[in-house]
Amino acid sequence: MGVLADFRRRRDRGGTEAFVAPFPFHSRFARSRLPAAFEVTSLANVSGLKGKNIVLGVTGGIAAYKAGELCRLLVKAGAVVRVVMTDAATRFITPLTMQTLSASHVARDLFDADEEARIGHIRLGDEADLIIVAPATADAIARFAAGTAGDLLAAVVLASRSPVLLAPAMNVNMWQNPLTQQNLGRLLGLSRFKTVGPDAGDLACGWVGEGRLIDPTEIVAAAERLVAPGDLAGRRIVVTAGPTFEPIDDVRFLGNRSSGKMGFAMAQAAARRGASVILIAGPVALGTPPGGGILRQDVQTAAEMRVALIAAAARADVVVMAAAVADFKPASRAEGKLSRRSVAGVVAHAGTRARATTMSLALVANPDLLAEISRGRRGGRPWLVGFAAEVTADAQELVKRAIRKLSEKDCDVIIANDVGTAGTGFGGDENAVTLVFPGGASEVLPRAPKIVLADAIWDRLAGRIPNRARSGSGRRVDGAVSGRRAAAVRAPGPRVAQTRGRRA
Ligand code: CTP
């Protein structure tokens with residue numbers, strides 16, 4: 001639960017865009033220069049929600065208007081969305097709006113023969129990979145908890161074995177009412193039901209407090225986690241990301257152009273797959289990825305990153321060093337602001353003022369954090385993922401350098417990328433990487449949005465992480481029930497109970 005305490009809710013649009021963005025394959029030219037042993041892989045799976053059947057249940061609260069935006073985001077992520085609206089919901093948002101956004105007929109009436117003929121409520125529930133109810137009113141939650149089937153949505157929920165993601169939205173007193181909390185507790189006692197939100201803030205009813213529908217991007221992130229492979233469940237993963245800034249004086253620093261996007265994508269994808277992630281971020285302009293499961297720790301310098309990393313790595317199963325740690329820092333930090341007049345150098349005289357025209361800065365090496373963690377590990381734990389930031393377009397040279405770093409730093413895989421190519425590497429939203437494993441096996445993952453690449457990387461790494469490094473008994477169970485912390489969706493239960501029996 002601790003890792004969820006620092007939940008921040010700014011979104012990383014890059015991740016959302018990644019669901020639909022195409023990823024051009026390597027050009028024939030680039031491929032022709034790859035060594036014969038190289039495997040160039042097509043990344044087929046762009047988004048976890050792509051192709052998933054989602055029933056979006058909309059119930060009657062003022063937040064129902066946000067269901068339109070949620071529907072749009074789900075469709076954009078590639079999901080097949082079937083909307084089920086309660087009568088009360090249709091008073092807040094029209095079925096036509098939802099039909100237009102979902103590009104599908106909106107189901108409303110349990111007893112409408114025509115609707116039942118199109119897709120019966122049992123089939124709707126059967127075929128759903130996930131049911132999202134947003135907003136979920138106190139009344140809807142009560143109906144689900146009571147196991148009633150008097151309206152179409154309640155019947156679909158009751159008749160289905162699919163996971164149900166509830167995004168509650170209501171007046172703060174309704175939310176805090178023990179009856180609502182008991183109903184919710186009853187549902188959460190069944191592994192099928194999860195919640196995301198509500199958020200706290202100004203409510204439409206004039207009250208301020210918990211009860212606001214959480215941002216639709218958070219609902220999508222929670223949904224992604226529910227349908228994600230779950231192959232990192234129970235893993236404790238530490239990811240470092242971004243640059244480090246090494247102070248020269250109180251206002252200047254030595255830094256680099258790393259944006260942190262690749263590390264953040266690795267953290268987001270790992271959390272989505274069930275890991276508890278500690279994200280140690282250098283100075284970056286990125287919000288913590290949505291969806292929960294990430295504890296973020298901000299640092300500035302390599303020394304600060306080292307302290308945070310050593311503490312976190314002690315309990316980690318995996319450490320991913322995506323940070324571009326500065327190799328050198330100024331030998332000393334000047335107090336205040338270094339003045340041109342106070343630095344030693346060639347001095348030019350302009351009138352009566354003496355001004356330095358050159359200046360020397362003494363640098364000292366920062367410790368190699370990855371190598372240090374590697375030296376300190378026992379029994380191969382934590383499993384180490386290094387990155388290699390290289391400036392070379394030559395694929396063979398890239399692998400050669402990666403192999404050297406792999407052995408120098410004694411890690412379990414190096415993810416090498418050419419940070420000199422425009423559009424990929426530092427700062428860009430896309431990247432292309434080569435995975436290099438001990439023994440020399442390598443695989444090229446072609447240019448793709450960083451979040452897509454991160455998932456593709458975990459696809460390849462998850463099965464290699466030794467089982468003895470597995471901690472705990474399985475999936476993380478988040479403890480928070482309400483408020484901001486509840487934005488971290490409860491981890492999905494294993495899908496073993498999802499087998500659908502044939503109807504007689
Ligand atoms: N790294 C580290 N500590 C440092 C420098 C780098 O832990 N002081 C880690 C990076 O996070 C990355 C890996 O080492 O996972 C390789 O970093 P990179 O910058 O590519 O290589 P360097 O080790 O700095 O070597 P060089 O500058 O010669 O390429």
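Each value, and the rule that gives it
Residues numbered from 1 in each chain as written. Predicted model: local features only at pLDDT ≥ 70, side-chain atom pairs only at ≥ 80, totals over all residues. Helix = DSSP H or I, 4+ residues; strand = E, 2+ residues; numbered from the N terminus. Buried ≥ 20, exposed ≤ 12 C-beta atoms within 10 Å, placed from the backbone. Contact = placed C-beta atoms within 7 Å. Near = placed C-beta within 6 Å. Nonpolar A, V, L, I, M, F, W, Y, C, P; charged D, E, K, R; others polar. Core = buried A, V, L, I, M, F, W, Y, C linked by C-beta atoms within 7 Å. Pairing = 2+ DSSP bridges. Axes fitted to C-alpha atoms, helices over the stretch in contact; angles between N-to-C directions. Parallel < 35°, antiparallel > 145°, perpendicular 65-115°, else oblique. Left-handed = near helix turned anticlockwise from the far one by under 90°. Arc of directions from axis to C-beta.

Caption draft 1: View of the overall build of the protein. Helix and strand counts for the protein come out as 17 helices and 22 strands. Buried positions account for 49% of the 504 residues belonging to the protein. Considering only contacts in the protein between residues 6 or more positions apart, those separated by 24 or more positions represent 73%.

Caption draft 2: Just the site of the ligand, in detail. Residues in contact with the ligand amount to 16 residues; listed here are only the nearest, Met321, Val325, Leu369, Leu370 and Gly386. For the shell around the ligand, the secondary structure elements donating two or more residues are α15 (369-376), β19 (383-390) and α16 (395-409). Per element, the largest residue contribution to the shell around the ligand is four residues, and it comes from β19. Taken together, the residues of the shell around the ligand break down into 10 nonpolar, two polar and four charged.

Caption draft 3: Examining helix α8 (residues 138-146) more closely. If you check which residues of α8 are buried, you get Ala138, Ala140, Ile141, Arg143, Phe144 and Ala145. Buried residues belonging to α8 abut β4 (130-136), α9 (152-159), β5 (164-168), α10 (172-176) and α11 (178-188). Looking one or two residues past α8, Gly147 carries a phi angle of roughly 70 degrees, positive in sign.

Caption draft 4: View of the nonpolar core. Core analysis: the largest hydrophobic core is formed by 74 residues, its most contacted members being Val238, Val239, Met266 and Ala270. Filtering out sequence-adjacent residues up to four positions away, Val238 remains in contact with Ile278, Ile280, Leu309, Ala312, Ala313, Ala316, Val319 and Val320. Leu124, Ala154, Met170 and Val220 belong to the second largest nonpolar core, which has 63 residues in total.

Caption draft 5: Seen up close, the sheet that holds strand β2 (residues 53-58). With parallel pairing, the five strands of this open sheet are ordered in space as β3-β2-β4-β5-β6. Two strands bound the open sheet, and with one partner strand each, they are β3 (80-85) and β6 (193-195). Neighbour-to-neighbour, the strand axes of this sheet turn through a mean angle of 20 degrees, independent of strand direction. Of the pairings in the sheet, the one linking β2 to β3 comprises six bridges and is parallel in character. Looking at β3, one finds that Asn53 is bridged to Val80.

Caption draft 6: Region of interest: the environment of Phe144. Following the sequence through the fold, Phe144 ends up in helix α8. Residue classification places Phe144 among the buried positions, given that 24 C-beta atoms sit within 10 Å. A C-alpha to C-alpha distance of 8.9 Å links Phe144 and Ala155, two positions 11 residues apart in sequence. When residues no more than four places from it in sequence are discounted, the contact partners of Phe144 are Ala154, Val157 and Leu187.

Caption draft 7: A look at the environment of Asp298. Considering the arrangement of structural elements, one finds Asp298 in strand β13 (residues 294-298). Remark: the alpha-carbon pair of Asp298 and Val284, spanning 14 residues in sequence, is separated by 8.9 Å.

Caption draft 8: How the structure looks around the packing of helix α3 (residues 67-76) against helix α5 (residues 95-102). Contact pair α3 / α5: the axes reach a minimum separation of 9 Å and the direction vectors enclose 15 degrees. For the element pair α3 / α5, the angle class is roughly parallel. Considering only the axes of α3 and α5, their crossing is right-handed. Along its contact with α3, which presents Ala67, Gly68, Cys71, Arg72 and Val75, the element α5 presents Thr97, Met98, Leu101 and Ser102. Here the residues of the contact of α3 with α5 are counted per class, giving five nonpolar, three polar and one charged.

Caption draft 9: How the structure looks around the pairing of β4. Counting buried residues along β4, seven of its seven residues qualify, which places the element largely inside the surrounding structure. On β4, burial covers both faces: Leu130, Ile132, Ala134 and Ala136 on one face and Ile131, Val133 and Pro135 on the other are all buried. For β2 and β4, the ladder comprises four bridges, and the chain directions are parallel. Paired with Val55 across the two strands is Ile131, which belongs to β4. Bridging between β4 and β5 involves four bridges; their strand directions are parallel. Pairing of Ile131 across the sheet is with Val164, part of β5.

Caption draft 10: Layout of unusual backbone geometry. In this model, Gly197 is joined to Pro198 through a cis peptide bond whose omega is 5 degrees. Looking at the secondary structure, you find Pro198 in the loop between β6 and β7 (199-202). In this chain, Arg381 is followed by Pro382 through a cis amide linkage whose omega measures 0 degrees. For Ala103, which is not glycine, the phi torsion reads 55 degrees and is therefore positive. Among the secondary structure elements, Ala103 is positioned in the loop between α5 and α6 (113-118). Phi angles above zero are rare outside glycine, and Asp410 is one such case at about 50 degrees. Tracing the sequence through the fold places Asp410 in the loop between α16 and β20 (413-418).

Caption draft 11: Layout of α3. The set of residues buried in α3 consists of Ala67, Leu70, Cys71, Leu73 and Leu74. Projection of α3 onto a plane perpendicular to its axis shows the buried side chains occupying an angular sector of 165 degrees, all on one side. Remark: Gly78 follows α3 within two positions and exhibits a positive phi of approximately 95 degrees.

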